[in-house]
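# Overview (structure and organization)
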Amino acid sequence: MSRMTAHRTALAGALVTPLLLSLWAAGPAQAHGAPTNPVSRAYACSPDGGANARSAACKAAVAANGAPFTFWDNIRVPDVGGRDRQVVPDGKLCSGGLPDYKGLDLARADWPSTNLRPGATLTMKYASTIPHTGTFKLYLTEQGYDPTKPLTWSDLPTQPFASVKDPALTGGAYRITAKLPSDRTGHQVLYTIWQNSSTPDTYYSGSDGGFPQSAKHGGFGAGGPPPRRRPHPPARPTAGVHGGAGRSRGADT
């Protein structure tokens, strides 16, 4: 069952049973959400993730997790209060340290990723199934990050490259605009922290991105290479070159 289907099913059940509805309304409201572009690991590997969910990395993540990531929008930890580095352990950043999402912390270089450009303007689409107010902080792993090793806080700068408070919610998603750092190449992780101000919860997510390896070589990281150009056929020899008519010297063997 997908996350969207789960929400509809839960709502239908509440409407049928007034008692359940009153109990739900009496409890604390909870915010839910995660990036869908650049695609987060949780969303990519969920039943809503489409072809991404069939990737080798996602299959391994689900197997390690022991359950599918149906609730991709629920990686939340209460009462963090800005103490992210003290509360979330190294090596468990993408899961927020939650055992139910441990598969997201696998150290591998083939996670579904989004092609990104250094110094470009990023517009993140952060889906919100239950909206709330709060501040989004965006980090990008430092140059030299190795995706085959567990992601730790030391892989991230101490300060986010962008911090956005209460962005507008449009079409079921927050649109967060920020300029990416200009000095990254290869496989990087875009790490997003959403600290709610209307609930005690903080949300965590990791989105894998592929940057060009270098402007000189034009190669790409995890995002995939650009199409190759077909080589031009070799030019035919010109008549009269090196005293031959229609062939070059040494053509006869």
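Criteria and thresholds
Residues numbered from 1 in each chain as written. Predicted model: local features only at pLDDT ≥ 70, side-chain atom pairs only at ≥ 80, totals over all residues. Heavy atoms only, no water. Phe/Tyr/Trp six-rings, centres within 6.5 Å; stacked < 30°, edge-to-face > 60°. Helix = DSSP H or I, 4+ residues; strand = E, 2+ residues; numbered from the N terminus. Buried < 20%, exposed > 50% of the residue type's maximum accessible area, 1.4 Å probe, protein only. Disulfide = S-S within 2.5 Å. 1 Å grid on protein atoms, 1.4 Å probe; cavity = no way out; pocket = protein on both sides within 12 Å on 5 of 7 lines; lining within 4 Å. Points joined across faces, edges and corners; volume = space filled by probe spheres on them. Salt bridge = Lys/Arg side-chain N within 4 Å of Asp/Glu carboxyl O. Pairing = 2+ DSSP bridges.

### Some thoughts on the packing of aromatic side chains
Counted under the stated rule, the structure contains 10 aromatic pairs. Ring geometry for Tyr-126 versus Trp-194: centroids 5.4 Å apart, planes at 75°, classification edge-to-face. Separated by 68 residues along the polypeptide, Tyr-126 in strand E4 (residues 121–130) and Trp-194 in strand E9 (residues 186–196) bring together distant segments of the chain. Taken as a pair, Tyr-126 and Trp-194 share a single burial class, namely buried. Each ring, one from Trp-194 and one from Tyr-203, has its centre 5.4 Å from the other, and the planes form 40°; the classification is tilted. Put simply, the rings of Tyr-126, Phe-136, Tyr-174, Trp-194 and Tyr-203 pair up and form one aromatic cluster.

### Remarks on the state of the cysteines
Applying the stated rule across the entire model yields 1 disulfide. The side chain of Cys-45 participates in a disulfide bridge whose partner is Cys-58; the two sulfur atoms lie 2.0 Å from each other. Between Cys-45 and Cys-58, the S-S dihedral sits near -75°, and the bridge is therefore left-handed. With Cys-45 in the loop between helix H3 (41–44) and helix H4 (56–65) and Cys-58 in helix H4, the pair connects residues that are 13 residues apart, well separated along the chain.

### Brief notes about empty space enclosed by the protein
Enumeration according to the criterion identifies 1 cavity of 30 Å³ or more in this entry. Approximately 50 Å³ is the volume found for the largest cavity. Along the walls of the largest cavity sit 13 residues, with Arg-41, Asp-105, Leu-106, Pro-150 and Leu-151 positioned nearest its centre.

### Some words on the pattern of salt bridges
Counted under the stated rule, the structure contains 6 salt bridges. Asp-208 serves as the salt-bridge partner of Arg-41, at 2.7 Å between the closest nitrogen and oxygen. Taken together, the residues span a long stretch of sequence, with Arg-41 in helix H3 and Asp-208 in strand E10 (residues 201–211) at a distance of 167 residues. Accessibility assignment for this pair places Arg-41 and Asp-208 in one class, buried. Asp-84 is the partner of Lys-137 in a salt bridge, and the nearest nitrogen-oxygen pair spans 3.6 Å. Residue Lys-137 is found in strand E5 (residues 134–140), and its partner Asp-84 is found in helix H5 (residues 84–87); the two are separated by 53 residues along the sequence. Exposure class is identical for Lys-137 and Asp-84. Each is buried.

### Some words on the pairing of E4
For strand E1 (residues 32–37) and E4, the ladder comprises 5 bridges, and the chain directions are antiparallel. Paired with Ala-34 across the strands is Ala-127, a residue of E4. The pairing of E4 with strand E8 (residues 173–179) spans 7 bridges and is classified as antiparallel. Among the inter-strand pairings, Lys-125 is bridged to a residue of E8, identified as Arg-175.

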